[in-house]
Amino acid sequence: MVTTSLSPIPTNASSTFSLSPLSPFSIYTSSSSSSSSSSSLSFQSSSHRHSSLGLHSNTHLRISCKSKGLKVSCSVSEPLKVMISGAPASGKGTQCELIVKKFGLVHISTGDLLRAEVSSGTEIGNKAKEYMNAGALVPDEIVTAMVKARLSREDVKEKGWLLDGYPRSVTQAQSLEKMKIRPDVYVVLDVPDETLIDRCVGRRLDPVTGKIYHLKSFPPETEEVRARVITRPDDTEEKVKSRLDIYKKNAEAISSTYSNIMKKIDGNRPKEVVFAEIESLLSQVQEDKEKKSKLEKSLLGSGSSSSSQDNWRGIPTRLNNIPHSREIRQYFYDDVLRATQNAINAGRTRLKVEINIPELNPEMDVYRIGTLMELVRVIALSFAEDGKRVKVCVQGSMGEGALAGMPLQLAGTRTILEFMDWGDYGAMGTFVNIGSIGAKEVDEKDDLFILVAPQNAVGNCIIDDLQAMTDAAGDRPVVLVNPRLKDLPGSSGIMQTMGRDKRLEYAASFELCYFLRLLYYAGTQYPIMGALRMSYPNRYELYKRVDEPSGKEKYVILSTFPERPSTDEVNDAFLGKSRNQSKKESGIWGFLSSIFA
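Residues numbered from 1 in each chain as written. Predicted model: local features only at pLDDT ≥ 70, side-chain atom pairs only at ≥ 80, totals over all residues. Heavy atoms only, no water.

Visitor: Talk me through the pairing of strand β4 (residues 81-86); I want residue IDs and the actual numbers.
Guide: In terms of burial, β4 is a largely internal element, six of the six residues being buried. Residues Lys81, Met83 and Ser85 line one face of β4 and the alternating positions Val82, Ile84 and Gly86 line the opposite face, and both faces are buried. One ladder, built from four bridges, connects β4 with strand β6 (residues 161-164); its direction is parallel. Looking at the pairing, valine 82 lines up with leucine 162 of β6. With five bridges connecting them, β4 and strand β7 (residues 185-190) associate as parallel partners. Paired with isoleucine 84 across the strands is valine 187, a residue of β7. (Buried < 20%, exposed > 50% of the residue type's maximum accessible area, 1.4 Å probe, protein only. Helix = DSSP H or I, 4+ residues; strand = E, 2+ residues; numbered from the N terminus. Pairing = 2+ DSSP bridges.)

Visitor: Help me get a handle on the packing of aromatic side chains, residues and values and all.
Guide: Using the criterion set out here, one finds five aromatic pairs in the structure. Aromatic pair tyrosine 506 and phenylalanine 510: ring centres 5.5 Å apart, planes at 90°, arrangement edge-to-face. In this structure, tyrosine 506 and phenylalanine 510 share a single accessibility class: buried. Above the plane of the ring of phenylalanine 431 lies arginine 389, whose end atom (NZ or CZ) is 5.2 Å from the centre. (Phe/Tyr/Trp six-rings, centres within 6.5 Å; stacked < 30°, edge-to-face > 60°. Lys NZ or Arg CZ within 6 Å of the ring centre and 35° of its normal.)

Visitor: Can you lay out the nonpolar core for me, pointing to particular residues and giving the numbers?
Guide: The nonpolar side chains of a soluble globular protein tend to be buried with one another. In terms of nonpolar packing, the biggest core is built from 56 residues, with Ile355, Leu417 and Val452 touching the most fellow members. With near-sequence residues (within four places) excluded, isoleucine 355 lies in contact with Phe332, Val336, Leu360, Leu375, Asn482, Tyr514 and Leu516. One finds Ile108, Val138, Val156 and Leu196 within the second-largest nonpolar core, a separate group that totals 34 residues. (Core = buried A, V, L, I, M, F, W, Y, C linked by side-chain atoms within 4.5 Å. Contact = heavy atoms within 4.5 Å.)

Visitor: Can you break down the pairing of strand β11 (residues 350-355) residue by residue, with the values?
Guide: Of all six residues in β11, six are buried, a share of seventy percent or more. Burial along β11 is two-sided: Arg350, Lys352 and Glu354 facing one way and Leu351, Val353 and Ile355 facing the other are all buried. Note: β11 against strand β15 (residues 478-481), four bridges, orientation parallel. Bridge pairing in β15 links leucine 351 to valine 479. Of the strand pairs in this sheet, β11 and strand β16 (residues 511-521) are connected by five bridges, and their pairing is parallel. Within β16, the position partnered with isoleucine 355 by the bridge is leucine 516.

Nothing here speaks to function; it is all geometry.
Structure follows, in structure tokens:
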């Protein structure tokens, strides 16, 4: 038997020497992986199955009755964070009032902030005033600084925030991302252009009271008021169309930043109906946050956090020795399984697993389809042992005629699954079944769906079948194992642009429950320089591989991140730079970073 050893994770790890930039997203086609029949790794594999945690948690809300309705406030440590966007006359202002009244969030509008800062004579306000007096737009950095300052106040930290109409540009959105300011949900009010134009053109202002009327839907109460109402200068059809064009361009530009948390609401309905949907959405988001918070506390209380759990003992060493030992493979299978169980027990239903150890990395010449099948089997049998009916799905042939085919990575996978050993108690055919990807594969009796490496092929896209399947599955969990859902060129060599934004938005809607990527120097596969790991519900952990004088190696933890770090943040950690220290991209690494960040 091959003996192996696993390095412990030190509590404090320093990075005092500099390395050339690393790329966790290297683009390469060849491998220089070391193959060896021996390994210095050794640990005992776990032979028992990990059953579902079976955690159930209810959302606790403090409800205080007031004459004007019920006000809901969060009892979790981190309150709701909401962004809302909508075109002029979409009803965004009305919905903001209703949201604040119901959920008690702090309403933050950049227009209100600018006026408040200017009237208060603050430093930021005085700078903004200079631009406003000159008739120029206030620069993004000033507006962002105001937003950041407002979000840092105690009332916002306690009650949560509703950011209204901001960000409006890619630059603003990226600035918020760099400051780790990200909402739980991005609400977009969707209203047809003709309705928006009608709402604006028919709008009238009472110059005496400041009240807004509409000639059709909300006419003035008396003839006296009707005689004095006026049309606002920016409510002409020409100006409204211009404002709509600007809004659409800005909204499209920032949609990719928030695609995985964006929820479109049909705003072309009565305000009560629109708010009912928004209220349901925000209540569900709050409930999910509550569940995750309780699960994290439960795991911490049971000693199952990422840094202290008994079953996680760090990154195994000698991972470039191929084939991996059975102990190493089982170690990772169990790690993925625990994360998947935690996420499903927390109520997550659209999940994905991304793990790229050499035997599971299709870009390397040591890729083994059998290792992927074993991982799928471990996950499926674990849930089957809990009484769940699991459907394991492999996409079939795509295209027609001479263009019919399937990705090479998946060739023969269904046959392998059918002939695998699924245990002695008859799980296959009863609790575990094999199917394809598509709505017709969803049976009423299925409890969980595991999709094996769904991916697009040149000239063919799996997204439509995948979306039809998840729609049919409803609130039942769907787990993608090593998906590859980026758009590929069509058979003509032209990118599949029709509906591309929608496809990317859908692909991004799946939440990572497990992530492990080995890090290499840019453009190489050897040696391994470190690893990035996340196991739900814990933070991302960045490790560095260190060679010891004895000839052995170990992985030491450099840093943790609440969200997936950018390539710049990974490099800064390896170079020992502060997270607040800016870094200028240059050369080929600057190019790669701009692609993969």
